[in-house]
Amino acid sequence: MKFAILDYPPLTFRGLSMSIGVLAIGAYVMLVGDTLAVPRHERKRVIQLAIGNMLIWHLFVIYALKFLTSGRAAIIGYTMPVWALLASVFFFKGSFTWQGSLGVALALGATLLLTIEEFSSLMGQPIGLILMLIAAMGWGIGTAMMNHLKVGISNAALTFWAMLITCHFIAIGSFVLERDQWKMPNAEVWAAILFNAFVVFGFCHIVWFRLARKLPPIASSLSIMLIPALGVFSGAWWLNESVGPYDFGALILILLSMAAVLLPKKDTPKS
């Protein structure tokens with residue numbers, strides 16, 4: 001994403017990627033003989049799941065990347081398991097343990113480190129941190145909702161409708177904010193668009209929705225633990241982004257935070 005939006009309007013890039021992804025998923029659903037029909041009584045829940053898992057994340061993260069390095073954005077974005085835990089506790093009567101408290105404290109510590117760096121640097125962009133935190137909170141709440149708001153449609157159909165709903169808002173935002181920047185993507189941007197369309201949206205989102213619907217919110221978050229580290233080091237390698245001590249410190253804290261939240265609880269001995 002960061003590579004593509006260096007020289008291309010972000011919402012337009014996201015809208016093109018998601019639109020192609022929607023078409024690919026729709027074709028897949030028809031090919032396997034599934035249905036895209038949503039029972040009337042489940043439509044409100046599908047919209048709620050789309051807002052948390054797609055709309056908030058994609059609207060805020062794509063603009064946060066304009067202000068942050070990809071590695072720093074990944075660290076903040078993947079505080080998501082902590083927000084999923086808090087959402088489960090406060091909205092769905094989940095349990096809160098010492099592991100959860102430790103995870104929240106470590107995640108806040110990681111955020112504080114990057115906040116200090118952003119405010120102290122002349123090139124710092126605190127607005128990027130704020131946008132990224134909103135994106136992570138929205139995704140965390142959406143992940144908790146996925147486990148508690150049950151719908152009967154398939155993962156592919158749910159992904160299709162969540163993406164289609166989000167596409168409408170992104171298209172409106174692109175028209176209002178970016179229409180004077182519209183241009184034909186070059187070969188590199190098309191490669192990024194197609195990668196996002198078929199790999200990220202057409203495959204990974206369906207797999208993620210399956211995990212989020214089948215597993216507890218914290219357990220499903222286990223699959224993303226490597227992403228902050230990959231974001232930091234791939235950004236440094238591919239985009240020549242600078243990585244300093246604050247980034248390494250925040251990365252260590254967020255990985256410890258995720259580990260604390262995701263470690264299985266010990267069974268309490270029965271008396």
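Residues numbered from 1 in each chain as written. Predicted model: local features only at pLDDT ≥ 70, side-chain atom pairs only at ≥ 80, totals over all residues. Heavy atoms only, no water.

Draft legend 1. Here's a closer look at the overall build of the protein. What the protein contains, in helices and strands, is 12 helices and zero strands. The secondary structure elements of the protein, listed N-terminal to C-terminal, are α-α-α-α-α-α-α-α-α-α-α-α. In the protein, 86% of the contacts between residues at least 6 apart in sequence involve partners at least 24 apart. As presented, the protein carries roughly 13,700 Å² of accessible surface, and 71% of it is formed by carbon and sulfur atoms. (Helix = DSSP H or I, 4+ residues; strand = E, 2+ residues; numbered from the N terminus. Contact = heavy atoms within 4.5 Å. Areas by Shrake-Rupley, 256 points an atom, 1.4 Å probe, with all protein chains shown as cover.)

Draft legend 2. Layout of the layout of surface pockets. In this structure, the largest pocket encloses a volume near 1,300 Å³. Every residue lining the largest pocket is counted, 38 residues in all, and those nearest its centre are Met 1, Tyr 78, Phe 195, Val 200 and Ile 227. Breaking the lining of the largest pocket down by element, the ones donating at least two residues are helix H1 (2-5), helix H3 (43-64), helix H4 (70-77), helix H7 (126-148), helix H9 (187-214) and helix H11 (227-238). In terms of residue count, H9 provides more of the lining of the largest pocket than any other element does, 13 residues in total. Across the lining of the largest pocket, the residue classes tally to 26 nonpolar, nine polar and three charged. (1 Å grid on protein atoms, 1.4 Å probe; cavity = no way out; pocket = protein on both sides within 12 Å on 5 of 7 lines; lining within 4 Å. Points joined across faces, edges and corners; volume = space filled by probe spheres on them. Nonpolar A, V, L, I, M, F, W, Y, C, P; charged D, E, K, R; others polar.)

Draft legend 3. View of empty space enclosed by the protein. Considering all chains together, one arrives at one cavity of 30 Å³ or more under this definition. Quantified by volume, the largest cavity comes out at close to 70 Å³. If you go around the largest cavity, the residues you meet are Thr 69, Gly 71, Arg 72, Ile 75, Val 232, Gly 235, Ala 236, Glu 241, Ser 242, Val 243 and Asp 247. For the lining of the largest cavity, the secondary-structure elements that each account for two or more residues are H4 and H11. Of the residues contributing to the lining of the largest cavity, the split by class is four nonpolar, four polar and three charged.

Draft legend 4. Summary view of the pattern of salt bridges. What the rule picks out here adds up to one salt bridge. Salt-bridge contacts for Asp 7 lead to Lys 183; the nearest nitrogen and oxygen are separated by 3.5 Å. Highlighted residues: Asp 7 in the loop between H1 and helix H2 (10-31) and Lys 183 in the loop between helix H8 (155-178) and H9, separated in sequence by 176 residues. Among the residues examined, Lys 183 registers a relative accessible area of 41% and is labelled partly exposed. (Salt bridge = Lys/Arg side-chain N within 4 Å of Asp/Glu carboxyl O. Buried < 20%, exposed > 50% of the residue type's maximum accessible area, 1.4 Å probe, protein only.)

Draft legend 5. Summary view of the packing of aromatic side chains. Applying the stated criterion to the full structure yields three aromatic pairs. Relative to Trp 139, the ring of Trp 57 has its centre 4.7 Å away and its plane inclined at 55°; by these criteria the two rings are tilted. Remark: Trp 139 occurs in helix H7 and Trp 57 occurs in helix H3; sequence separation between them is 82 residues. For the pair Trp 57 and Trp 139, one class covers both residues: buried. Seen from their ring centres, Phe 175 and Trp 182 are 6.2 Å apart, and the 55° between their planes marks the pair as tilted. Judged by its relative accessible area of 45%, Phe 175 falls in the partly exposed class. (Phe/Tyr/Trp six-rings, centres within 6.5 Å; stacked < 30°, edge-to-face > 60°.)

Draft legend 6. Examining H4 more closely. By the criterion of burial, H4 is predominantly enclosed, with eight of the eight residues buried. Within H4, the full set of buried residues consists of Ser 70, Gly 71, Arg 72, Ala 73, Ala 74, Ile 75, Ile 76 and Gly 77.

Draft legend 7. Broad picture of the side chain of Asn 53. Here Asn 53 shows up in helix H3. For Asn 53, a relative accessible area of 4% gives the class buried. For Asn 53, the side chain forms a polar contact with the main-chain oxygen of Gly 142, separated by 3.0 Å. Not counting the four nearest positions on each side in its chain, Asn 53 is found in contact with Trp 139, Gly 142, Thr 143, Met 146, Trp 208 and Phe 209. (Polar contact = N/O pair within 3.5 Å; in protein donor to acceptor, adjacent residues only side chain to side chain.)

Draft legend 8. Structural view of the nonpolar core. Residues Phe 13, Met 132 and Leu 158 are the most contacted members of the largest nonpolar core, which totals 66 residues. Considering every element that reaches this core, the biggest residue donor is H7, with nine residues. If we ignore the near neighbours within four places in the chain, the residues touching Met 132 are Trp 57, Val 61, Ala 64, Leu 68, Ala 73, Ile 76 and Gly 77. (Core = buried A, V, L, I, M, F, W, Y, C linked by side-chain atoms within 4.5 Å.)

Draft legend 9. Layout of the packing of H3 against H8. The geometry of H3 relative to H8 is characterised by a closest axis approach of 9 Å and an angle of 40° between their N-to-C directions. Taken as axis vectors, H3 and H8 run oblique relative to one another. The two elements H3 and H8 cross, and the hand of that crossing is right-handed. Between H3 and H8, the residues in contact are Val 46, Ile 47, Leu 49, Ala 50, Met 54, Leu 55, His 58, Leu 59 and Tyr 63 and Leu 158, Thr 159, Trp 161, Ala 162, Met 163, Ile 165, Thr 166, Phe 169, Ile 170, Leu 177 and Glu 178, respectively. Grouping the amino acids of the contact of H3 with H8 by side-chain chemistry returns 16 nonpolar, three polar and one charged. (Axes fitted to C-alpha atoms, helices over the stretch in contact; angles between N-to-C directions. Parallel < 35°, antiparallel > 145°, perpendicular 65-115°, else oblique. Left-handed = near helix turned anticlockwise from the far one by under 90°.)

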